[in-house]
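Chains, contacts and geometry: an overview
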Amino acid sequence: ATTAEEPVVLGHEFAGIITALGAGVEGLAVGQRVAVDPAVPCWRCEMCRLGHPNLCRRLHFCGLWPDDGALRELMNHPADACFPLPHSLSDDVGAMLEPLGIGLHAVDLAHLRVANSVAVLGCGGVGLLLIHLARLAGARPIYATDRVPERLAAACRYGADVVFNVDKEDVVVAVQRATHGRGVDVTFEAAWADETVAQAMEVTRFGGRVVLVGIPAEDALQMRASTARRKGLTVAFSRRMKHTYPRALTLAQGGDVDLAGLVTHRFPLARAAEAFHLAEGYGDGVLRAVIGVS
């Protein structure tokens, strides 16, 4: 866990316009719109050289102390973390490429195969994109769970075959019943509520795969070890993303993923606190609230 020792500017899902370039920068131009990867690895450590910059021990990340994020009018950022946005993609979509990258990395970890059955626990922005990507990968059927009705409705739009409201039914019983006691091939945990990790283990079939994407409020994991051990589950922890922005841009530009549909609210920078309050309370059907700084 990281504890901020002084005030820090938040914001790690963002796009921007280049106002100046450093010496030797190629492939970018002043005035160009770009999507921005918030992670800055060192590119020199063992993990970086092995192709895992998301596991860099010296990683800097926008909005994570001590590094300021994007909720400001001007900022410096490495050129190799800036990806030109085509004219066909809006600034909103550019900002949503970051959660799409998170989803792509998680699906990579899942080793999804065509016609695998999938459960997605938690239908926030990343959960919805996991549903969408699982659908693109050929998963069938896809089950989704949440307690917010608007998010369950969005899950259906994004490709879920069956949704369960966790406040109205036991998710484990519901998925086991739907799969005739077998469980699903792959489960994505994208909420990390107190019970969702344990639920993920229970709803996954023997020999199945669980990918933990959510970040807990408390730095702890609760589950029955006997369940995961008895089933011989493969459990993968998803750490941000790696090498996903070009693929995310391809999907967005081709219209394969609905990123614009995630943005339900917009606020100016002066009302950023209001945007955070809305998102925290899941009010007014919010999925993603975008803050404009210009």
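Counting starts from 1 at the beginning of each chain's written sequence and moves along it residue by residue. Residues qualify for local features only when their pLDDT is at least 70, as the model is predicted, and side-chain atom pairs are given and counted only at 80 or more; totals for whole chains, interfaces and linings, by contrast, use all residues. With hydrogens and water set aside, each side-chain value is computed from the structure's full complement of heavy atoms.

**Focus: the environment of G283**
Under the scheme used here, helices are H or I runs from DSSP no shorter than 4 residues and strands are E runs no shorter than 2 residues, and both carry numbers assigned from the N terminus. Here G283 lies in the loop between α9 (272-280) and β13 (288-292). When the C-alpha positions of G283 and V163 are compared, they lie 20 Å apart, and in sequence the two are 120 residues distant.

**Looking at unusual backbone geometry**
Residues W65 and P66 are joined by a peptide bond in cis, for which omega reads 10°. Along the chain, P66 falls in the loop between β4 (60-61) and β5 (82-84). Here the amide bond leading from R140 into P141 is cis, since omega sits at -15°, within 30 degrees of zero. Relative to the assigned elements, P141 resides in the loop between α3 (125-136) and β7 (142-146). The backbone of A115 sits at a positive phi, close to 75°, despite the residue not being glycine. Its place among the elements puts A115 in the loop between α2 (91-110) and β6 (118-121). With a phi angle near 55°, H243 is a residue other than glycine that sits in the positive phi range. You can see H243 is positioned in the loop between β11 (234-237) and α8 (245-253).

**So, the pairing of β11**
Bridge count for strand β10 (residues 204-212) against β11 is four bridges, and the pairing is parallel. Bridging from a neighbouring strand, R209 pairs with T234 of β11. Place the viewer so that the strands point away; then a crossover is right-handed whenever the path from the first strand over the helix to the second strand goes clockwise. Taken together, β10, helix α7 (residues 225-231) and β11 constitute a β-α-β crossover, and its handedness is right-handed. A pair of strands is treated as paired once DSSP finds two or more bridges between them.

**As for the packing of aromatic side chains**
In this scheme Phe, Tyr and Trp rings, the latter by its six-membered ring, pair at centre separations within 6.5 Å, and the angle between planes marks the pair as stacked below 30 degrees, edge-to-face above 60, and tilted otherwise. Within the structure shown, the criterion is met by two aromatic pairs. On the numbers, 4.9 Å between centres and 10° between planes, the contact of F83 with Y245 is stacked. Of this pair, F83 sits in strand β5 while Y245 sits in helix α8, placing them 162 residues apart in sequence. For every residue, the accessible area obtained with a 1.4 Å probe (protein chains only) is divided by the maximum for its type, and the residue is called buried under 20%, exposed over 50%, and partly exposed between those limits. Taking the relative accessible area as the measure of exposure, Y245 reaches 2% and is therefore buried. For the pair Y143 and F164, a centre-to-centre distance of 6.2 Å together with 15° between the ring planes defines the contact as stacked. A residue pair is termed long-range when its members are at least 10 positions apart, and Y143 in strand β7 and F164 in strand β8 (residues 162-165) qualify at 21 residues. Both residues of the pair, Y143 and F164, belong to the buried class. Just above the ring of F61 sits the side chain of R240; from NZ or CZ to the centre is 4.0 Å. Criterion for a charge above a ring: Arg CZ or Lys NZ at most 6 Å from the ring centre, at most 35 degrees from the ring normal.

**As for α3**
One less than the number of residues in a helix, times 1.5 Å, gives the span that helix is expected to have. Look at α3: 17 Å from first C-alpha to last across 12 residues, which is about the 16 Å you get at 1.5 Å a residue. Taking burial as the measure, the 12 residues of α3 include 10 buried ones, the bulk of the element. Every buried residue of α3 is accounted for by G125, V126, G127, L128, L129, L130, I131, H132, L133 and A134. Remark: G138 follows α3 within two positions and exhibits a positive phi of approximately 95°.

**Quick word on a negative patch on the surface**
In this scheme, patches are assembled from residues that exceed 30% relative accessible area and form no salt bridge. Like charges are connected within 9 Å, while nonpolar side chains (Val, Leu, Ile, Met, Phe, Trp, Tyr) are connected within 5 Å. Using a 1.4 Å probe, accessible areas were evaluated by the Shrake-Rupley method; residue-level cover was limited to the displayed protein chains. Each reported salt bridge corresponds to a side-chain nitrogen of Lys or Arg within 4 Å of a carboxyl oxygen of Asp or Glu. We score Asp and Glu as negative and Lys and Arg as positive, and we do not count His or the chain ends. To locate a charge, take atom NZ for lysine, CZ for arginine, CG for aspartate or CD for glutamate. The grouping of D194, E195, E218 and D219 at the surface amounts to a negative patch. Along the chain, E195 turns up in the loop between β9 (184-189) and α6 (196-203).

**Focus on empty space enclosed by the protein**
Of the grid points, spaced at 1 Å and generated over the protein atoms alone, those admitting a 1.4 Å probe that cannot get out make up cavities, while open sets with protein on both sides within 12 Å along at least five of seven lines make up pockets; any residue with an atom within 4 Å of a point is treated as lining. Grid points are joined across faces, edges and corners, and a volume is the space filled by probe spheres set on the points. Scanning all chains against the criterion turns up one cavity of 30 Å³ or more. Lining the largest cavity we find D37, A39, N54, L59, F61, E98, I102, R240 and M241. Class assignment for the residues of the lining of the largest cavity results in five nonpolar, one polar and three charged. Nonpolar residues are Ala, Val, Leu, Ile, Met, Phe, Trp, Tyr, Cys and Pro. Charged residues are Asp, Glu, Lys and Arg, and all others, Gly as well, are polar.

**Some remarks on the sheet that holds β7**
What the six strands build is an open sheet, ordered β8-β7-β6-β9-β10-β11; its pairing is parallel. The outermost strands of the open sheet, each flanked by one partner alone, are β8 and β11. Each strand of the sheet is rotated relative to its neighbour by a mean of 15°, with strand direction disregarded. Packed onto the sheet, α6 meets β6, β9, β10 and β11 and runs at close to 150° relative to β10. Helix axes use the C-alpha atoms of the stretch in contact, all axes being lines fitted to C-alpha atoms, and the angles between their N-to-C directions lie in the range 0 to 180 degrees. Note on contacts: a residue pair is in contact if any heavy atoms of the two residues lie within 4.5 Å.

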